[in-house]
Every structure is written in C-alpha cells, then in structure tokens.
Amino acid sequence: MGTAPAELPAPPTGRQVVFSVGTERFALPLSAVREVVPPLPPFARVPRAGGAVRGVMNLRGRVVAVVDLAELVGLPPQPLLSGHGQVLILDREKRAMGLLIGVVLGVELLAPAAEGGEGVVAGVAVGRAGAVTLLRVEPLAAAAAALFGGG
Amino acid sequence: MDLSRYLSLFVGEAAEHVAGLSHGLVALEQSVSTGSDAGPVIDGIFRHVHSVKGMSASMQLDGIATLAHRAEDLVDLYRRHLARAEPAAVDALLATCDALQEMIAAAALGQKPAPDPALLDRLGALTRQALDGRAAQAEPAPGPARAPVPPPAPPLAPVLPAEPEPALKPGPRRLEVEVEVAAACPVPAVRAFLVVKKLAAFGSLVGSTPTVEELKAGRLPGKKLTVVLESADPLDRIERALSQISDLGAVVIRAQDGQVSTPARAPAAPAQPAAAESSRTVRVRTEVLDGFVDTVGELLIATARIREVGRALPPGLRPLLDEGVDRLHAIVKELHGQLMGVRMTPLAVVTERLPRIARDVARKLGRQVEVEVQGAEIELDRAILEELSDPLLHLLRNAVDHGIEPPHLRLLAGKPATGRITISARRDRDRVVLEVADDGKGMSAGRLREAAVRRGALDAEQAAALTEREALALATLPGVSTAEEVTDVSGRGVGLDAVRKTLETVGGTLELESTRGLGTRITLRLPLTVAVQPVLLVRVGEEVLGLPIAKVHGAVQVLYGALDRSRGAPVLPYDGELVPVHDLAALLGFDSAGRDERAVVVADGADGRIGLVVDGLLGQHEAVLKPLGPPLQAVSGLSAVTVLGTGRPVFILDVTRLLAA
C-alpha cells in the first residue's frame with residue numbers, strides 16, 4: 001500500500017440515473033437522486049434569484065427550489081410548466097433542490113470512457129442508447145445554489 | 001467496544017453538569033462574600049465535578065476525566081471543611097468549567113481532548129496551598145503526619161493508584177456483582193451496560209442478567225443488574241472502578257470465598273430531588289421535535305387543501321365533507337398545540353449562565369454586581385429562546401457596563417456598593433414579559449436627545465419636543481448611545497437597536513424606562529410560540545407574497561402615477577408623515593401588472609416606515625411558517641415560506657432587509 005501511487009478521486013462508476021436534457025443524454029449517480037417527480041403546479045417565482053432558477057414548488061408540503069439543468073450545462077433553457085419534463089430531486093441533507101430535466105431514460109451501470117476535467121462534468125460514457133455525459137453532483141449542486149445569491 | 005453511540009448522550013449530560021458546576025461556583029462566591037452557609041452549594045459542586053469525572057472516564061475520555069479529577073480534589077477539601085474557598089480558587093475552578101466545556105465540545109466531534117497542563121498545575125498548586133495553609137495552622141503532629149487527603153501533586157493519570165503487589169497474587173475467583181441503577185437515571189440500561197463493560201476489564205465475564213444484548217435493546221427490569229465474572233483483582237479495586245460511573249445506587253460485590261464488599265456510595269448518588277419525575281421522562285433530540293412541528297404544519301396545510309377542493313363539490317355533498325374537515329382541523333390544531341407544549345423550554349436555559357457572565361464582566365470593570373433571576377421556570381418556545389440568548393446577554397452587559405456605577409460612586413450616591421440587576425419573567429396572557437432592571441445611574445433623556453441630533457436622526461427642535469419616554473426610546477435607534485466611553489464589554493455601535501431588531505424577528509417588542517440616578521428597566525414582551533403567524537397576502541404581477549402583520553401599519557389604494565414625488569422618488573402622506581414608496585415588483589425582480597390603480601402597504605422598514613407598491617391586497621392569512629433551508633435561505637429579503645390551501649408556495653418577506661440588497 002505504501003508504494004501505491006497517490007489515489008485520485010475515484011471516477012463516478014456504478015449505478016447512474018440516465019436522463020435526457022434537450023437532445024443530449026446525462027447521468028447522475030443513483031445515490032444522489034432522492035426521487036423524480038413531474039413539475040407540480042402551482043409554482044412561485046423566487047425573488048432576486050438568477051437566470052436558471054425556475055421557481056419553487058410544493059412537494060408534499062416541502063418547498064423545493066427548481067433549477068433548470070439545461071441552462072446550467074449551457075443548453076437552450078426549458079420552461080417550468082405542468083406536463084413538460086421532469087424534476088429530479090437531489091438527495092442532499094436539508095437541501096430542498098430539484099433539477100429540471102427532460103425525461104428519465106433508465107438506470108445503467110456506467111464507467112467513464114473519457115475523463116472530464118474539473119467541475120460539473122465527470123466524463124463521458126457509452127450507454128445503451130449512445131454517449132452519456134456523467135455529471136458530478138457536488139459541483140452541480142454548488143453551481144445551482146450559487147444562483148440564489150450570497151455566493 | 002463501540003462507545004460512539006453513547007457519545008451524544010454523554011455530551012448532553014456532561015454539558016448539563018458543567019453548567020450546574022458553573023452555576024454552583026458563582027453561588028459559592030456569593031455565599032463566601034455574604035458569610036452564609038456554603039455547605040449545600042459545595043456538595044452540589046462536588047457532585048457535578050464527580051459526575052463529569054465518572055462519565056468521561058467511562059467514555060474513555062481520559063483528558064476530561066483527569067481535569068475533572070484535579071478539580072474534584074480541590075473541591076473535596078472544601079467539602080470536608082479542610083480548607084476555605086478563596087477567590088483565586090473560584091477563579092481557577094471557573095476556568096476549569098470553561099475548559100471542560102470546550103473539551104466536551106471537542107469530544108462531541110469525536111476528538112479525545114487533552115487537558116491544559118497549566119490549568120492542571122494551577123489546580124494542583126491551589127490544592128497544595130490549601131493543604132499547606134492547614135498544615136501550618138495545625139499543631140505539629142508527632143511523627144510523619146499523614147496528610148488528610150492524598151496530595152494530588154503527581155499527575156493522577158492512572159485513575160487507580162497502584163497497590164502494593166501482594167506477595168502471592170491470588171488466582172482468579174468467581175465474583176458476583178449486583179448493581180442497582182439510581183431511579184433518577186434517564187437511561188438505566190446504558191449505565192448498566194457501562195458497568196458490564198467496566199467489569200469486563202477486570203477478568204472474564206461469565207454472564208449477566210439481563211444479558212448484554214438485552215441491555216443494548218434498552219431492557220433493565222427493576223433497574224437491577226447482576227454480573228458474574230472471574231477475576232483475580234481485589235474487591236475494593238473493582239468497587240472503586242464502578243464508583244466512577246455516576247447514577248449508580250447500591251453496589252454489592254460478592255466473592256466465592258465469602259468476601260463481601262458493600263461500599264458506601266459517593267455523593268454522586270441518587271438523592272436528586274427530581275428523581276421520581278425524571279424516571280418517567282425521555283430525552284428527545286431537538287431536531288426530532290422540529291421534524292414533528294414541520295409534519296404537523298404540513299397536516300394543517302393539507303387540511304386546508306381538502307377544504308379548498310371541497311368547494312368544487314356539488315352543494316348536496318358539501319356539508320358531509322365540511323363536517324369531516326372541521327373535525328380533522330380541530331384534531332390537527334390540538335395536536336399542534338400539544339406539540340408546541342412539548343417544545344416549550346424553561347427560560348432557565350438562557351438565564352442560567354447570566355450571573356456568571358455578570359460576575360466576570362463586573363470584575364473586569366471593577367464593579368460589584370449581584371444578579372437575581374426570577375421566574376426562570378417560565379416556558380417559551382425553543383425557537384424564541386434561542387433568539388433571546390444574545391439580546392439578554394447584551395442587556396446584561398449594558399447594565400453592568402453603563403448602568404452600575406463603580407463602588408465608590410455608588411457609596412457617594414448613598415447606594416450599597418454592590419449593584420443589583422434583576423432579571424424577572426412572568427406570563428401575561430399569550431405573552432411572556434421579561435424585565436432586566438438595574439439600580440445604576442440611569443439614562444439621561446437629555447444626552448439621548450443630544451446624541452440623536454448629532455447622529456442626524458432628529459433636528460434640535462424635534463428633539464426638544466419629545467416627551468421623556470419618547471426621548472428614552474431614542475436609545476433603540478441605530479448608533480445612538482450615551483455611553484461616555486466605548487469599552488470592549490459592550491462593544492461599539494451594536495446597541496439596543498440590535499436587540500430590538502432581533503426581538504422583532506420573533507414578534508417581540510422592547511420598552512425602556514429609566515430614572516436618572518435610580519436605574520434603568522428594559523421590558524421585553526415576547527410571544528410564546530412563533531410557528532403560526534398572521535400575514536398579509538399581496539399580489540405582485542402573477543406572484544403572491546406575504547408580509548408579517550406585525551410589521552404592517554396599514555394599506556391604501558392609490559393611483560401610482562398621481563403620487564407626489566420627492567427627489568425623483570414617490571412619497572405617500574401617511575399618518576402625518578411622508579413615507580418613501582418603493583415598487584415591490586422592482587425590489588424583487590418581478591414584473592408588475594403595470595396598471596396605475598395599485599395599493600401601497602405601509603410597513604416598518606430598517607430605518608422607519610416604508611411604503612411598498614403592490615398590484616393587489618389579498619387579505620390576512622394564518623400562515624404556518626416554514627424556515628428556509630438552503631438554497632433559499634441565501635436570498636436576502638425573505639424570512640420564511642408558507643403553503644396556501646391551494647398548494648401554492650408563498651414567500652414571507654423580511655421587510656427590514658428588503659431595501660438592503
């Protein structure tokens with residue numbers, strides 16, 4: 001063990017939730033996803049919140065902030081509307097946040113074929129239906145949280 | 001064996017003992033100065049120190065145990081009337097208290113803190129001094145005098161002093177240990193488990209009733225434990241090890257060879273007055289309670305939702321549904337009430353440490369102060385208590401720093417040299433009234449007028465027109481203070497205005513009375529609970545927002561374009577003053593409906609009244625407030641969120657911070 005090379009942060013492998021956003025496919029670790037729900041109207045807008053924040057909705061009494069994943073990854077923005085797309089609720093302690101996505105395609109065992117750099121994208125993998133961009137949940141949630149002001 | 005699951009239990013209990021210790025020490029100092037009987041106080045102090053030592057030793061937190069042990073040695077001298085408590089010793093013990101508190105906090109994070117060697121030396125030196133002082137007074141003893149207490153000079157790291165090895169070490173024999181856990185102990189099975197664990201160190205366990213598995217499951221019938229083990233150790237050694245575990249009642253150790261040890265229990269024992277009561281209580285983590293409140297809040301909202309849906313039913317079906325919903329609503333309301341009752345916490349939680357702090361501050365400033373707390377048993381919602389802690393501390397420091405005069409000035413003014421601060425609480429219908437009164441020099445209305453004019457809050461003429469009471473209220477404006485010198489005790493700039501703002505966030509108010517030369521009285525009025533608050537719902541474009549009714553003065557319908565303007569911004573004549581008007585839509589980054597016919601809500605902003613232009617008033621609503629978690633808590637100008645019966649989330653605005661960002 002002592003002579004082993006310094007360990008790099010492990011690339012996200014294992015079970016990933018694969019979903020569409022616009023015309024592309026993305027994946028987040030299954031362990032980071034609490035549940036997937038349709039947009040639940042009525043929505044309320046969040047005062048003073050930046051671009052990709054679409055609003056809040058009431059998920060069984062919990063008020064969840066919804067952020068457009070398309071806009072976060074540089075794709076054309078999607079609106080938060082009843083019957084359009086799905087909201088992926090992140091499983092993070094005390095953090096009530098959902099990501100607006102297209103539609104969940106399934107759960108697959110994926111390992112990145114090409115390593116991504118720093119930041120939101122962890123790499124690209126070959127899934128059942130083709131290329132899938134693997135996302136890192138921590139930087140993604142941090143980028144989303146930064147839209148609410150205060151850093 | 002894994003002790004981590006008992007850690008939070010340890011942290012909670014140990015912190016309580018340290019708080020009790022701190023309290024006891026201040027009381028000790030007071031009784032020393034008044035010459036009253038300090039016996040019961042010292043017994044209490046000893047019991048707390050002893051408990052901390054025992055429980056930290058069982059948690060293998062040897063650093064905490066060592067420090068507590070040192071303190072115990074010193075206190076033991078007072079307890080046995082072998083020495084008298086000197087101010088220097090009380091100081092050292094208070095420093096020990098602080099150190100223990102920090103170490104317990106570190107232990108809560110999974111660390112094993114080491115004691116400060118300087119503090120250990122200080123305690124050791126004081127113990128030696130106390131003994132030497134006694135030795136000097138005592139008659140010269142014939143022969144080598146046996147010290148009445150083992151001198152604690154060498155570090156007592158091995159908690160058990162080494163015993164002379166017997167010539168022939170006896171082989172292991174079978175021992176039966178019977179332990180009864182004190183009735184006052186909140187978690188008897190955990191105590192019993194610690195006993196088994198401790199005994200296991202002395203040899204091999206043969207068995208126990210109840211078994212270890214049953215103990216882990218929390219079962220201890222009759223609070224009695226019997227352990228059979230094979231051990232070669234002397235009985236008194238085992239007995240001493242068990243004495244480190246607090247909350248044990250009777251301990252009987254029987255050996256196969258007929259030897260019996262029934263030690264007298266240390267004063268840690270069960271004679272606590274609350275014994276009968278606490279045996280029927282459970283400890284619940286506060287987050288669990290918060291979770292219940294959230295869930296019941298959601299029940300209230302869900303009930304409102306059902307009622308809303310019922311409106312769409314054909315009239316013939318509605319009475320049945322309404323009846324059911326009414327009943328459901330009544331039950332949920334009752335549940336909510338009961339839950340709020342459970343969350344009620346005595347004021348003592350925040351007032352307990354105040355006498356100690358007053359003492360420290362007074363010492364630093366060369367004042368003499370006595371603090372009396374009345375009504376500490378009065379209960380408030382936990383959330384309000386948490387908000388109250390800092391303001392109370394601030395008021396107390398103010399009273400010592402700016403209220404109470406130095407002793408010589410007090411004597412000149414014909415007052416006793418020791419100043420008196422009274423903190424008293426009482427219930428007044430659905431509010432709690434809390435007063436902080438001192439018999440110090442009082443505040444000068446004239447000075448406050450001058451200070452307010454200097455700050456530009458008023459012009460000289462306005463200031464002169466104020467009544468005495470109004471002038472005193474100036475002290476709660478930002479930056480107005482009559483403190484002649486700024487000391488590091490009360491700090492600069494943050495004064496009564498900060499206290500007032502904190503109180504207002506939980507729906508409280510602050511009033512000030514003062515008589516020059518006789519003292520100052522500050523009265524706080526607080527709601528008992530915060531979770532349900534009346535809000536005014538307003539419409540901005542398509543959005544609905546809530547304003548706390550407590551902050552709202554009134555609302556008027558206006559034609560926006562027809563409002564008077566001053567320096568380019570609209571103003572509204574209201575109640576004899578001109579109120580600056582802001583467009584709420586613009587403040588929030590929303591679009592307004594854009595019609596000219598709108599409403600202005602007049603509310604309390606950070607610097608006086610402000611008018612907020614909205615597109616419509618939707619009426620008052622009893623809102624179940626949910627605190628904002630991340631990421632929404634980062635948005636400035638929001639204080640909470642609620643959900644209407646229609647399921648619509650509505651943000652509650654923090655009016656005082658709306659203009660800030």
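Below is a short write-up of the structure. Since we're looking at a predicted model, the values are computed, not measured. (Residues numbered from 1 in each chain as written. Chains lettered and ligands numbered in written order. Predicted model: local features only at pLDDT ≥ 70, side-chain atom pairs only at ≥ 80, totals over all residues. Heavy atoms only, no water.)

### Structural notes on the interface of chain A and chain B
- Each partner contributes to the interface: chain A provides 23 residues, whereas chain B provides 27 residues.
- Taking both partners together, chain A and chain B bury about 2,100 Å²; carbon and sulfur atoms supply 62% of that area.
- Among the residues chain A hides against chain B, the three largest losses belong to Arg45(A), Pro47(A) and Arg48(A). Together they make up 38% of the total.
- Run the count over chain A and chain B and you get one salt bridge.
- The partner of Arg45(A) in a salt bridge is Asp591(B), and the shortest N-O contact between them spans 3.8 Å.
- Counting every contact that joins chain A to chain B gives seven residue pairs in polar contact (both at pLDDT 80 or more). (Contact = heavy atoms within 4.5 Å. Buried area = accessible area lost by both parts, 1.4 Å probe. Salt bridge = Lys/Arg side-chain N within 4 Å of Asp/Glu carboxyl O. Polar contact = N/O pair within 3.5 Å; in protein donor to acceptor, adjacent residues only side chain to side chain.)

### Focus on a nonpolar patch on the surface
- Taken together, the side chains of Val282(B), Val284(B), Val288(B) and Phe292(B) define a hydrophobic patch exposed on the protein surface, amounting to about 370 Å² of accessible area.
- Residue Val282(B) is classed as exposed on the basis of its relative accessible area of 72%. (Patch = residues over 30% accessible without salt bridge, like charges linked within 9 Å, V, L, I, M, F, W, Y side chains within 5 Å. Areas by Shrake-Rupley, 256 points an atom, 1.4 Å probe, with all protein chains shown as cover. Buried < 20%, exposed > 50% of the residue type's maximum accessible area, 1.4 Å probe, protein only.)

### Regarding the sheet that holds strand β4 (residues 53-59) of chain A
Residue and element names in this part refer to chain A.
- Spatially, five strands are ordered β3-β6-β7-β5-β4 in an open sheet, and the strand pairing comes out mixed. A strand with exactly one partner marks an edge of an open sheet, and here the two such strands are β3 (33-37) and β4. When strand polarity is set aside, the average angle formed by the axes of neighbouring strands in this sheet is 30°.
- As paired strands, strand β6 (residues 86-90) and strand β7 (residues 97-101) are joined by four bridges and run antiparallel to one another. (Pairing = 2+ DSSP bridges. Helix = DSSP H or I, 4+ residues; strand = E, 2+ residues; numbered from the N terminus. Axes fitted to C-alpha atoms, helices over the stretch in contact; angles between N-to-C directions.)

### Looking at the packing of aromatic side chains
Residues and elements named next belong to chain B.
- A full pass over the atoms with the stated rule returns zero aromatic pairs over all chains.
- It is Arg 79 that lies over the ring of Phe 46; its NZ or CZ is 3.9 Å from the centre.
- Positioned above the aromatic ring of Tyr 560, the side-chain terminus of Arg 598 is 5.0 Å from the ring centre. (Phe/Tyr/Trp six-rings, centres within 6.5 Å; stacked < 30°, edge-to-face > 60°. Lys NZ or Arg CZ within 6 Å of the ring centre and 35° of its normal.)

### Things to note about the pattern of salt bridges
- Counted according to the given criterion, the structure contains 29 salt bridges over all chains.
- Overlapping salt bridges bring together Glu29(B), Asp91(B), Asp98(B), Arg356(B), Arg359(B), Asp360(B) and Arg363(B) as one network.

### A look at the sheet that holds strand β17 (residues 569-574) of chain B
Residue and element names in this part refer to chain B.
- The strand order β15-β19-β20-β18-β17-β16 describes an open sheet built from six strands, whose pairing is mixed. Edge positions in the sheet fall to β15 (552-559) and β16 (564-566), since each has one partner strand and no second. The average angle at which neighbouring strand axes cross in this sheet is 40°, direction not considered.
- Both strand β19 (residues 597-605) and strand β20 (residues 608-614) contribute to a ladder of seven bridges, which runs antiparallel. In the sheet register, Val 600 faces β20, and the bridge partner there is Val 613.

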